[in-house]
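Survey of secondary and tertiary structure
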Amino acid sequence: MRLLRPSWAGLLRGWHHQHQRHHRRLLLTTSRGSNGEREEQQNSQWSSPGSRSEQLLYAAFWAGGLTLGYHWLTDKKNHVLLEGQKVASEEELEATARLWHVTNRKELPTYRADEVEQHNCAEKRIWVTYGLGVYDVTDFAENHPGGDKILMAAGSAIDPFWAIYQQHNTLEVLELLEGFRIGNLEGLVVTNVDDELGSPWSEEPQRHALLKPASKRPFNAEPPIGLLAEQFYTPNELFYVRNHLPVPVINPEDYELEIEGGAKDKTLTLEGIKALPKHSVTAAIMCGGNRRSEMTKVKAVKGLSWGAGAVGNAKWSGARLCDVLREQGVQPDETKHVIFEGADLDPTSHPYGASIPLAKALDPRGDVILAYEMNDEPLSRDHGFPIRVIVPGTVGARNVKWLTRIVVADKESDSHWQQNDYKGFSPSTDWDTVDFSKSDAIQAMPVTSAICTPQAGARVKVDDDEGHITVRGYAWSGGGRKIVRVDLTNDEGASWHVAELEQEEMPDGRHYGWSLWTARLPVSEAQRKAGDVEIWAKAVDSAYNVQPEKFEHIWNLRGVLANAYHKVKVKII
């Protein structure tokens, strides 16, 4: 079943207008009164510089504008000016910047960027940076219905948003922001690594400002979870990035792909690959460590602290690997493997490598392709330009980027990432007893799902007279297994509600894309009075595999295959 879904641009405009209406209601409510209170309220609450009410009013404008940062994705030139605000001149703004955002305030403490990054939720306090200032906006986020949108910039800089949207260039907003300042940002963050001559990271590509890094070198980042379920095809610039090594620089005119195996070795150029019949497949790619941060709450693991955003869904286009291998004379053999190597090199000049069974590579229904397009656009450098092998239904680690070599072999790849990583273990296995040679490399991923909205800690309004809240998310299962159901509960399993699915119509066994889902959950009067509700989500695939309930039952020392129920606590208002 396909659902009609609003565009991101429409949603963002809706948020903007909702904020404007809310702000006007605040002004009207505050200005009304009886027995001569109107003038006194106006003078005491709005004329007094720095009053709490004044701060909240202008903070509402600030956060409303911050959410419009997403509008950049669809309408980069739509500069919205909020009604009633005077746009400051360049001279005024420059003077203000010199006084505040480019100057350390000596009476305040100094924080490192990694310290700011830790304050990314209400429980830890919500901090953001602007210029050299560090700001705590927790109280605003907790007291305004739209404040949960700030979570998408929590622990990071708001500068990218304000550089695009001119409504922030007002003295009032800058004065408000300075009222939330708690400290100074230590030093200047180097954002242009091109200046670091001689560094292996000197030619890294530019990334979208909304991607939240799990590590910067190598660069690994995921989009805000609140945006992930808004489009069936993830925009290329917001697709999560998983790099193990520096991003290579490849001249497409010099590109060559070596193929070893069959009757004769062969080398293909980029133009040669593009000359082959073009095939497209919709496939979700998911990092093996997706949702690792939830597993870490049970017990520490080794690995990047991914949230639920290390996944994306795209239309991939290129030549089918089965056609290329058959042209080489490669014959089916259940015991053989296909090794992939990329152009990204470690310090010893060994490439990133991985392998899959030959049976998967030769199966026309396996849809393995040598992709040069992503959502009908050429691959970006972060996503494998010029050629990436796409192995639908398989863990992201086997979808090797910057592909330079394919080998049909009797054994799996001997690379670190095939032999000593991306493997699952018993919850009782620790680093003293682990033996990676005893565990199989992950290929097809298990069934999983995640709640994208509302986000953890969000203030959620009951949206109709019957008392419902709307929940959205994604679900996916590896191996081409179709999602047949997503169940949700907000009473710890006493009752379950089935979500509506949005998914591509494909035969089972080739259902490689994700499914988006929407559910409306009833909220009881008792839950409304209590204020806090925990939402659980679990998906079921076509083999009737279902997510396990608890991370304690699937914990493993590498934090992979983290597919327990997704649970999100929200506040009902």
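Our subject is the structure listed above.
Parameters at a glance
Per-chain numbering applies: the sequence of each chain, read as written, is numbered from 1 onward. Two thresholds apply to this predicted model, a pLDDT of at least 70 for residue-level local features and 80 or more for giving and counting side-chain atom pairs, whereas whole-chain, interface and lining totals are computed over all residues. Hydrogens are left out, water is left out, and the side-chain values use all remaining heavy atoms of the structure. Nonpolar core, defined: a set of buried Ala, Val, Leu, Ile, Met, Phe, Trp, Tyr and Cys residues in which side-chain atoms within 4.5 Å join the residues together. To sort residues, take the accessible area from a 1.4 Å probe on protein chains only and compare it with the maximum for the residue type: under 20% means buried, over 50% means exposed, and anything in between is partly exposed. Marked domain ranges trace back to an automatic or database domain assignment. Only heavy atoms enter the contact rule, under which two residues are in contact if any of them lie within 4.5 Å. For salt bridges, the criterion is a side-chain nitrogen of Lys or Arg within 4 Å of an Asp or Glu carboxyl oxygen. To qualify as a helix, a DSSP run of H or I must reach at least 4 residues; to qualify as a strand, a run of E must reach at least 2; elements of each kind are numbered from the N terminus. Think of it this way: DSSP has to see at least two bridges between two strands before they count as a pair.

Quick look at the nonpolar core now. One finds L325, F340, L370, L403 and Y474 to be the most contacted residues of the largest nonpolar core, which totals 54 residues. For this core, the two domains that each supply at least three residues are domain 2 (212-420) and domain 3 (447-572). With sequence-adjacent residues up to four places away left out, L403 is seen in contact with Y255, L257, F340, E341, G342, L370, I387 and V389. In terms of nonpolar packing, the next biggest core, distinct from the first, is built from 24 residues, V447, A458, V486 and A539 among them.

On to the pattern of salt bridges, then. The full count for this structure, using the stated rule, is 23 salt bridges. Across the pair E115 and R112 runs a salt bridge, and its minimum N-O distance is 3.9 Å. The exposure class of R112 is partly exposed, given its relative accessible area of 38%. Among the ionic contacts, a cluster of salt bridges with common partners joins R105, E107, E178 and R181.

This next bit is on the pairing of strand β18 (residues 403-409). Taken across its seven residues, β18 has five buried, putting it largely inside the fold. Relative to β18, strand β13 (residues 337-345) runs antiparallel, the two sharing six bridges. Bridge assignment links I339 to a residue of β18, and that residue is V407.

It is worth spelling out the pairing of strand β3 (residues 125-130) at this point. Counting buried positions over the six residues of β3 gives five, a clear majority of the element. Across two bridges, strand β2 (residues 120-121) lies against β3 in antiparallel orientation. Following the sheet pairing, C121 is matched in β3 by R125. The loop that links β2 with its antiparallel partner β3 comprises three residues. Between β3 and strand β4 (residues 133-136), which pair antiparallel one after the other, the connecting turn spans two residues, and G131 there sits at a positive phi close to 60°.

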